[in-house]
Amino acid sequence: MTVTSLPTPLAAPAVDAWHAVVHAAHTHDLPAHVPPPGRVETEGKLRTPSVNSRALHRAAVAADGSYDGVATLVLFTDENNRHAAFLDQLAVHPRARRSGVGTRLWNALRDELAADGRTSLSAVVELGGPAEAFAARHGFGKALPLAWYVQDLPDALAARPVQPALPDGYAYAHWTGVVPDALADAFAEAHNAMEDAPMGDVDQNAPKWDADRVRTAARVIEDRGGVLLSSAVVHTADGTDTVAAYTELVLRDPSDVRALQYDTAVVPAHRGRGLGLAVKRHMMGVLTERCPRVRETATTVADENGPMLAVNDRLGYARERDIGCFQARLPGVGAGA
């Protein structure tokens, strides 16, 4: 078995070999009701990096040419996060576990991090399983407790069939894909409201959003083969449209039956009016109309984010499984690994 760097884009056989690992690891490690990644998602992430980042892909190649393990390292390129990186994936095929594959992949990534001058690395880890044990062995500590929450969409709509009326001066808006030009600047400003989202001890700065960045982020999802839905509450009272609240939802593959809730934010000046609940309930209607095959919506929420937990509880979300954002300070990892 050898660890090798993979070029971008990958040829179809390499994508198939990669997907075989992540699919097998998912079905082995997670409950059966959690949908595994589809090939569209796998290929899209290998082909198109996230906004303001570059990705490094490594594979542990077996003697027969199949992959025993795979890993993706995301190196942020925005100036306020040049010190940090994100371990987007490190998966070992169940057949190859307990043979040092994961450690060899980690050692290769650690060398890349050191060469690039990165001083901290974060990763989202499932609690209570092999990923948490691996993280602990290699110097990672929990920086932010999180959990997955899942909403049964038909049940939630039946329990709350009426969309909330908005206060005077506010209106709903929604779109698919890239934000309309008329709202682009205001939408970017609303994204900056995420600066006060709970981050625990994660050594990563909130990105600075502008219209170009929100457009690029939307195109990344589309280029990966996914679908992005956005719902917003727009404040119109001052003659200029301002995005007071928004929520984003992603289907990594148009055939998905579980959608992923991305950011939800209410701009500080507009809080206390029930807009977080309103915009998420509005999204439920948009999702049902645009993607009728979707049956569930899943989201992650930090344990310390009381306001969002309260909103989600009212909309029928139930805690599914515990995760955490783990972090390694790289000099410490290098000394102890």
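As shown above, the structure is provided for reference.
Residues numbered from 1 in each chain as written. Predicted model: local features only at pLDDT ≥ 70, side-chain atom pairs only at ≥ 80, totals over all residues. Heavy atoms only, no water.

**A short note on the packing of helix α1 (residues 12-29) against helix α2 (residues 39-47)**
So, step 1. As a packed pair, α1 and α2 sit with axes 10 Å apart at the nearest point and diverge in direction by 115 degrees. The interaxial crossing formed by α1 with α2 has right-handed handedness. In this structure, α1 uses A12, V15, D16, W18, H19 and V22 to contact α2, whose residues at the interface are R39, T42, E43 and L46.
So, step 2. For the contact of α1 with α2, the class distribution of residues is five nonpolar, two polar and three charged. (Axes fitted to C-alpha atoms, helices over the stretch in contact; angles between N-to-C directions. Helix = DSSP H or I, 4+ residues; strand = E, 2+ residues; numbered from the N terminus. Left-handed = near helix turned anticlockwise from the far one by under 90°. Contact = heavy atoms within 4.5 Å. Nonpolar A, V, L, I, M, F, W, Y, C, P; charged D, E, K, R; others polar.)

**Focus on the pattern of salt bridges**
So, step 1. Overall, the coordinates contain 20 salt bridges when judged by the stated rule.
So, step 2. Between D116 and R54 there is a salt bridge; the shortest N-O distance is 2.8 Å. Taken as a pair, D116 in the loop between α3 (101-115) and β5 (120-126) and R54 in strand β2 (residues 53-61) lie far apart in primary sequence, 62 residues in all.
So, step 3. Among the residues examined, R54 registers a relative accessible area of 35% and is labelled partly exposed.
So, step 4. With its nearest N and O atoms 2.8 Å apart, the salt bridge here joins D322 to R319.
So, step 5. For R319, a relative accessible area of 42% translates into the label partly exposed. (Salt bridge = Lys/Arg side-chain N within 4 Å of Asp/Glu carboxyl O. Buried < 20%, exposed > 50% of the residue type's maximum accessible area, 1.4 Å probe, protein only.)

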